[in-house]
Amino acid sequence: MVIQHLFEFEIGGNRLWRILALFAIILIALIAGKIARFILNKSVSALEKQQRHLLATTLRSINRSVLFLSAAVGISIGMEFLALQNKIYELADTLTSLLMSIAVGYMLYWLVDVPTRWLADMSEKTDSKLDDMLVPIIRKSLRFTIVILILVQIAQILSDKPITSIIAGLGIGGLAVALAAQDTIKNFFGSIVLFIDKPFELGDRVVVDGHDGPVEEVGIRSTKIRTLEGHLVTIPNGKLADMTIQNIGQRPYIRRLLNLTV
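The model shown is predicted, which means the values in this text are computed figures rather than measured ones.

**Q** Please clarify how the overall build of the protein chain should be interpreted in this entry.
**A** Each helix and strand in the protein chain was counted, giving 9 helices and 7 strands. Split into buried and exposed, the 262 residues of the protein chain put 30% on the buried side. Look at the contacts in the protein chain between residues 6 or more apart in sequence, and 58% of them connect residues 24 or more apart. Accessible surface, the protein chain: about 17400 Å² in total, of which carbon and sulfur atoms supply 64%.

Structural data, given as structure tokens:
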């Protein structure tokens, strides 16, 4: 009888068994996430020893987000056991939807490593270093796209409006952002010009605006050159595309001038 009365005890309009069910499901989800992480860690180590790097990268990416995703799933399922009023239920449903969207987006954010690892493996088989420069740009572009899509999904959940109207609103706001970020857009298209013209590759020694040294990195916004003195020079791609680039690394021969006295 005591146990029966205890389970009939109410907190916030919910019987005790409902609240215990919520915490139990969340606990089970967290334990399942921990077990999944342990199994994935062991699997990644075994796959790395077998030189199966692509599959290992996939499991490693899932491992980084599986605990967060399992917790979000547990909270979403557990909230169904609570008896909530209409307004509170709508708020809880919105919060759980936001949590699930963020959890799925977080997993997709790390899964970007899978296609970029495949591209990196393919670029190692080619002689050109252009592929090596493209891989980090593709990784950043994919992750930026995923972040934008997650923000659009969050805006749709919060506003409860069709995604078409949200995209239309983003188009108007995007025009204002584009006007305010002209330099960033110019640098982005400058990087595209550099990849099309191919004035240099990674590791080539170049002279740009008086800076002499090898190219270390070509990004979406800028290119980094390590000078012979050891300094790291960052040049915006928008400016670099309009500059005269002297590629010393591609010279067919070295010209030397000597003064001989008689």
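Further notes follow.
**Q** Just checking my understanding: could you explain the packing of aromatic side chains for this structure?
**A** The geometry of an aromatic ring pair comes down to the distance between the two centres and the angle between the two planes. Under the counting rule described, the total for this entry stands at 3 aromatic pairs. Where Y106 meets W110, the ring centres are 6.3 Å apart and the plane angle is 85°; that geometry is what we call edge-to-face. Here Y106 and its partner W110 are both found in helix α4 (residues 86-111), 4 residues apart, which amounts to about one turn of the helix. For Y106, a relative accessible area of 33% gives the class partly exposed. One aromatic cluster is present, formed by F68, Y106, Y109 and W110 through successive ring pairs.

**Q** Looking at this model, I keep getting lost on the pairing of strand β4 (residues 211-218). Mind explaining?
**A** Regular strands have side chains that alternate between both faces of the sheet. Bridge analysis of strand β3 (residues 205-208) against β4 gives 4 bridges, and the strand direction is antiparallel. When the bridges of β4 are listed, V208 appears paired with H211. Hairpin remark: β3 followed by β4, antiparallel, with 2 residues in the connecting loop; positive phi at D209, about 55°. By the bridge criterion, 3 bridges tie β4 to strand β5 (residues 222-226) in an arrangement that is antiparallel. Residue pairing for β5: V218 is matched across the bridge by T223. Linking β4 back to β5 in an antiparallel pair, the connection comprises 3 residues.

**Q** Hey, could you run me through the environment of G238 in this one?
**A** On the secondary structure map, G238 appears in helix α9 (residues 237-240). What makes G238 buried here is its relative accessible area of 4%. The spacing of G238 and R221 is 17 residues in sequence and 8.0 Å in space, taken between C-alpha atoms.

**Q** Whenever I open this one, the side chain of S101 confuses me. Can you help?
**A** You can see S101 is positioned in helix α4. Among residues more than four places away in sequence, those in contact with S101 are I150, Q153 and I157.

**Q** So what exactly am I meant to see when it comes to the nonpolar core here?
**A** One recurring pattern in soluble globular proteins is that nonpolar side chains are buried together. In this structure, F200, V206, V208, V215, V218, I235 and L240 are the most contacted members of the largest nonpolar core, which totals 13 residues. Within the residue set of this core, elements represented by two or more residues are α8 (182-197), β3, β4 and β6 (232-236).

**Q** Sorry, what's going on with helix α3 (residues 53-78) here?
**A** Owing to its 3.6 residues per turn, the α-helix aligns residues three or four sequence positions apart on the same side. Here α3 is 26 residues long and its end C-alpha atoms lie 37 Å apart, about the 38 Å a rise of 1.5 Å per residue gives. In α3, a bend of some 45° at S65 exceeds every other bend along the element.

**Q** How should I be thinking about the packing of α3 against α4 in this particular structure?
**A** The angle between the axes and the distance between the axes are what describe a pair of packed helices. Running from N to C, α3 and α4 cross one another at 175°; their axes reach a closest spacing of 8 Å. Between α3 and α4, the interaxial angle falls into the category roughly antiparallel. Together, T58, S61, I62, R64, S65, V66, F68, L69, A72, V73, I75 and S76 of α3 and T96, L99, M100, I102, A103, V104, Y106, M107, W110 and L111 of α4 make up the contact between the two elements.

**Q** Please clarify how the pairing of β5 should be interpreted in this entry.
**A** Bridge analysis of β5 against β6 gives 5 bridges, and the strand direction is antiparallel. Bridging from a neighbouring strand, R226 pairs with L232 of β6. Remark: 5 residues form the turn of the hairpin made by β5 and β6, two consecutive strands paired antiparallel; G230 in that turn has positive phi of roughly 100°.

Cut-offs and rules
Residues numbered from 1 in each chain as written. Predicted model: local features only at pLDDT ≥ 70, side-chain atom pairs only at ≥ 80, totals over all residues. Heavy atoms only, no water. Helix = DSSP H or I, 4+ residues; strand = E, 2+ residues; numbered from the N terminus. Buried < 20%, exposed > 50% of the residue type's maximum accessible area, 1.4 Å probe, protein only. Contact = heavy atoms within 4.5 Å. Areas by Shrake-Rupley, 256 points an atom, 1.4 Å probe, with all protein chains shown as cover. Phe/Tyr/Trp six-rings, centres within 6.5 Å; stacked < 30°, edge-to-face > 60°. Pairing = 2+ DSSP bridges. Core = buried A, V, L, I, M, F, W, Y, C linked by side-chain atoms within 4.5 Å. Expected span 1.5 Å × (residues − 1). Bend = angle between axes of the 7 residues up to and from the residue. Axes fitted to C-alpha atoms, helices over the stretch in contact; angles between N-to-C directions. Parallel < 35°, antiparallel > 145°, perpendicular 65-115°, else oblique.

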